[in-house]
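If you want the building blocks of each chain, they are given just below.
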Amino acid sequence: MPISDKPHSRYMPGLDGLRALALIGVMGYHWNFGFAGGGFLGVSLFFVLSGYLITDILASQWHHHRRIDLKDFWIRRFRRLLPAMLLMLFILVVWVTLFDRSRLATLRSEVLGAVTYISNWQFIFQQQSYFESFGPPSPLGHFWSLAVEEQFYLLWPVIMLAALKLFPRRGQLFALIAAGAAISALLMAVIYQPGDDPSRVYYGTDTRAFGLLIGAGLAIVWPSWKLPSRAPRSVRYRLNMTGAAALLIILYMMWQVDRYDAFLYQGGMFLFSLAAAVLVAVLAHPAASISRLLSWKPLLWIGVRSYGIYLWHYPVMILTSPDSGASDLSLLQTALQITASVLLAALSWKYVEEPIRHGGLKKLWLKARSLRRRPASISLRGWIVSLSSLMLIGIFCSGMMSSVSSARTVGDIAAMLNIDDPAPEEAAQTPSTESATAEPPQPVDTNGDNAAPPAVEPSKQPDTAKEPNSRDEGAKAPLSDGATDSGNNDAGADENEVPDPAAENNQDVQDKQTGGESDPMDKADSGKPIPDQPDDDKTGEPNGDQVDKPDPSKDPASGTPGGKNDPAKPTTKPEQPPVTKSAITAIGDSVMLGVSPYLEKSLPGIHIDAVIGRQMRQADELIPALKSQNRIDGGIVIIGLGTNGAFSQKDLDSLLGPLNSAKQILLINTRVPRDWEQNVNGMLAKAAERNPKVTLVDWYSASKDHPEYFRSDGVHLEPEGAEAYTSMLLQAIKK
């Protein structure tokens, strides 16, 4: 059993069991386990625990010595946290340098953010979403919570020292801490916008401090060193019943809470933290027998190593999962990832963390000095270890220093951290040399009199954009929808992989839909998120064979200077001639954009407004312009949104409400290997049940067991998938 190495403190095994519970929840959420839909709340458990234990140490020092030894406190914290973190970062950079160089440029900035403990603010300024990250997420996306905790460790002892001198009475100090927690929770509720990505309030130190402060307040009124080891039976009963109720609330919320539920950010997470504080209070009491439930040896083993397991599990999962994410892993693959994470953490604990906590660095230094005087005494094993270490250090430096060495000013450092420009400048996509030969389905009568579209011959697989500086220039580098770097991290999702459909339609449609702009492309050797919206060629000249391209700056449909598309604005100006009641309008994202040539071939006169990265909440801004062009009243409206993230019921209602005058509304559900898929499809299905004018086009079911429909990201379509998608729409229109 571990023992406390802090004076005037005792080991509380139930709290290590609670750490294990929090870790299991977080890992279950990251691996998309069904029992952990709200597993991300495990981080709130960590915050309450940290706030309680740290404040308990500081209050104990003040009570017994009338002083707080800041130097000793910070040395202990750094000695506990830094070795494991630095080891993980070192191995991560070496791995990426050797096997995944496309991530290096982004990883360099994130490593700097990690070692300076500003990752959470870095992600906020980069607009990296924790919940709606589409594309390759960052292997350091989980560092935001470590940054919040370390900021607390740096600032809280100083604040406590001042507060203890200004407010010597315990009640006054508790009231001050409680007020701070309430202000933080209020900030979360005020800043959060229902329907928007909640990552800003989820990452922010200001909006997450209430969890730490709730734990800190508990330590003031419930110090562990004052709790009696014996208590009357009635007290033990009340403790156990209260602890059991708090534990049930915590487990229920970690099982059932949805990350997009507005209640969670408008008081729900605060209430969860209060329940966590109640459970911590019970587990800290030596007379509470419920602590035995969480003192099971396997839980204690995990809890003691929870920091290391948390450090390792996310990069292991990200770097060993396919492009489509961990949801496509088999049970065996997931088990191997978890085993590798636990094994790496156990090795780190045994050979790095524990030795350093007990003076290992000093012993190593003395041994190195003695060997320096007698180099001949170094064994063969010692030489192998030394040379291998030097080689790994060299690989690490080669991965990090190419960017770091060019930093000379504060501005350079800020640029490396990507905190000046959350939307980096785009490069133009290299035009493909081959075109798909698939023939889109033939036109049909939108009144439903024609037969089903004829069969289409198999087509050649389209080209994808190539990443200039990748290790394999000839390999596919599909552009991904919302290619952000974190998790989850990790700002609204981009969609940057658009299929290259039929050759005869490709260029005309691209010019028509994007105002003559070229598609985005990954920056060379960057691994950065592909920007949400395309940009013009920096030279101002056409790309490749894209000739006679209109000047985007003069395109009235572009809506923004330079012709840059805004997902919330129409991409083309609706045709001016009067339209009939059978007018068809399609609103969508990059999936719709990819099938637009097939739709235009099959449905002449259709108006398609599809842009990369569009969210449901942005689509209602398109309706007034479409109504003014008589494209809504008596017409057919197709909506294909949800690829980039979940949306609120309010967002969907605000879009469907103005469409009441339409003859038919088609809602296309989505197949996206991300954890918002079920949420999106469920809301669309309910909308179709409530509104008789709404028809649900079940693309999710139709594309099941058809991997040949999709590109490597599991979302964007190959020509065969585009044909099937179009045929489904044609059949739905004729019903």
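Residues numbered from 1 in each chain as written. Predicted model: local features only at pLDDT ≥ 70, side-chain atom pairs only at ≥ 80, totals over all residues. Heavy atoms only, no water.

A.B. asks: In this structure, what is going on with the overall build of the protein? I would like to understand it.
C.D. replies: Of the regular secondary structure elements, the protein holds 25 helices and seven strands. Within the structure as shown, the protein displays about 31900 Å² of accessible surface, and the carbon and sulfur contribution to it stands at 61%. (Helix = DSSP H or I, 4+ residues; strand = E, 2+ residues; numbered from the N terminus. Areas by Shrake-Rupley, 256 points an atom, 1.4 Å probe, with all protein chains shown as cover.)

A.B. asks: Can you help me understand helix α11 (residues 262–284) in this one?
C.D. replies: Residues separated by three or four positions in an α-helix point in the same direction, a consequence of the helix having 3.6 residues per turn. The end-to-end C-alpha distance of α11 is 32 Å, a good match for the 33 Å that 23 residues give at a rise of 1.5 Å each. Along its length, α11 reaches its greatest deviation from straightness, about 60 degrees, at G268. Its side-chain oxygen at 3.1 Å from the backbone nitrogen of F263, D261 defines the N-terminal cap of α11. (Expected span 1.5 Å × (residues − 1). Bend = angle between axes of the 7 residues up to and from the residue. Polar contact = N/O pair within 3.5 Å; in protein donor to acceptor, adjacent residues only side chain to side chain.)

A.B. asks: Which parts of the structure should I look at to understand the confidence of the model for the protein?
C.D. replies: Parts of the prediction with low pLDDT should not have their coordinates interpreted in detail. Mean pLDDT over the protein: 78, with 70% of residues reaching 70 or higher. Every residue in residues 403–410 scores below 50 in pLDDT, and together they form seven contacts with partners more than four places removed in sequence or on other chains. Contacts for the low-pLDDT stretch residues 445–564, under 50 throughout, to residues beyond four places or in other chains number 372 contacts. (pLDDT = per-residue confidence, 0-100. Contact = heavy atoms within 4.5 Å.)

A.B. asks: Explain the pattern of salt bridges to me, please; I cannot follow it from the model alone.
C.D. replies: Where side chains of opposite charge bring their charged atoms close, a pairing between them can arise. Within this structure, the stated rule accounts for eight salt bridges. Note that D100 is salt-bridged to R103, the shortest N-O span being 2.7 Å. R103 sits in the buried class, given a relative accessible area of 16%. Close ionic contact of D653 with R690 constitutes a salt bridge, the shortest N to O distance being 4.0 Å. On the criterion of sequence distance, the pair formed by D653 in helix α22 (residues 649–656) and R690 in helix α23 (residues 677–690) is long-range, its members being 37 residues apart. Among the residues examined, D653 registers a relative accessible area of 41% and is labelled partly exposed. Taking relative accessible area as the criterion, R690 reaches 48% and is therefore assigned partly exposed. (Salt bridge = Lys/Arg side-chain N within 4 Å of Asp/Glu carboxyl O. Buried < 20%, exposed > 50% of the residue type's maximum accessible area, 1.4 Å probe, protein only.)

A.B. asks: When you look at the pairing of strand β4 (residues 607–610) in this model, what are you seeing that I'm missing?
C.D. replies: Looking along a regular strand, one sees side chains alternate from face to face of the sheet. Every second residue of β4 is oriented toward a common face, with H607 and D609 on one face and I608 and A610 on the other, all of them buried. Relative to β4, strand β3 (residues 584–588) runs parallel, the two sharing four bridges. From the neighbouring strand, G588 faces β4, where its bridge partner is A610. Regarding the hand of the β-α-β motif, the stretch spanning β3, helix α19 (residues 590–602) and β4 is right-handed. (Pairing = 2+ DSSP bridges. Right-handed = clockwise from strand over helix to strand, strands pointing away.)

A.B. asks: What am I meant to see in the sheet that holds β3 here?
C.D. replies: Taken in spatial order, the five strands make up an open sheet running β4-β3-β5-β6-β7, and their pairing is parallel. Across the chains shown, the open sheet's two edge strands, defined by having one partner strand only, are β4 and β7 (694–697). Across this sheet, the average inter-strand angle for adjacent strands is 15 degrees, counted without regard to direction. Sheet topology places strand β5 (residues 636–640) next to strand β6 (residues 664–668); four bridges connect them, and they run parallel. (Axes fitted to C-alpha atoms, helices over the stretch in contact; angles between N-to-C directions.)

A.B. asks: What is the right way to look at α19 in this model?
C.D. replies: Here α19 is 13 residues long and its end C-alpha atoms lie 19 Å apart, about the 18 Å a rise of 1.5 Å per residue gives. Within α19, 11 of the 13 residues are buried, which leaves the element mostly enclosed by the surrounding structure. For α19, the complete set of buried residues consists of S590, V591, M592, L593, G594, V595, S596, P597, Y598, L599 and S602. Among the residues of α19, the N-terminal cap falls to D589, whose side-chain oxygen and the backbone nitrogen of V591 are separated by 3.2 Å.

A.B. asks: Just to check I follow, could you spell out the packing of aromatic side chains for this structure?
C.D. replies: The way to describe two aromatic rings as a pair is by their centre distance and the angle between their planes. For the coordinates displayed, the defined rule picks out 23 aromatic pairs. Ring plane angle 10 degrees and centroid distance 5.8 Å describe the contact between W699 and Y709, whose orientation is recorded as stacked. Here Y709 lies in the loop between α24 (699–702) and α25 (719–734) and W699 lies in helix α24, a separation of 10 residues in the sequence. Residues W699 and Y709 agree in their burial class; the two are buried. Clustering of aromatic rings is evident, with ring pairs tying together Y29, F40, F47, F123, Y130, W144, Y202 and Y203. Residue placement shows R77 over the ring face of Y153; its charged tip is 5.4 Å from the ring centre. Above the ring of Y700, the side-chain terminus of R671 is found at 4.1 Å from the ring centroid. (Phe/Tyr/Trp six-rings, centres within 6.5 Å; stacked < 30°, edge-to-face > 60°. Lys NZ or Arg CZ within 6 Å of the ring centre and 35° of its normal.)

A.B. asks: So what exactly am I meant to see when it comes to the environment of A189 here?
C.D. replies: Here A189 is to be found in helix α7 (residues 170–191). Spatially, the C-alpha atom of A189 lies 7.0 Å from that of G267, the residues being 78 residues apart in sequence. Residues within four places of A189 in sequence aside, it is in contact with Y265 and Q266.

A.B. asks: Explain the packing of helix α1 (residues 13–30) against α11 to me, please; I cannot follow it from the model alone.
C.D. replies: Packed helix pairs are specified by the crossing angle of their axes together with the interaxial distance, meaning the distance between the axes. It is at 8 Å that the axes of α1 and α11 come closest, and there the two elements cross at 145 degrees. Crossing of α1 against α11: the hand is right-handed. Between α1, through G14, L15 and L18, and α11, the contact on the second element is made entirely by L279, V280 and L283. Tallied by class, the residues present in the contact of α1 with α11 amount to five nonpolar, one polar and no charged. (Left-handed = near helix turned anticlockwise from the far one by under 90°. Nonpolar A, V, L, I, M, F, W, Y, C, P; charged D, E, K, R; others polar.)

A.B. asks: Would you explain the side chain of H30 in this entry?
C.D. replies: Structurally, the position occupied by H30 is in helix α1. A distance of 2.8 Å separates a polar atom in the side chain of H30 from a polar atom in the side chain of H313.

A.B. asks: I would appreciate a short explanation of the pairing of β7 in the present structure.
C.D. replies: Sheet topology note: the β6/β7 ladder contains four bridges and is parallel. The partner of L667 across the bridge, within β7, is L696. One crossover worth recording links β6 to the parallel β7 by way of α23, and it is right-handed.

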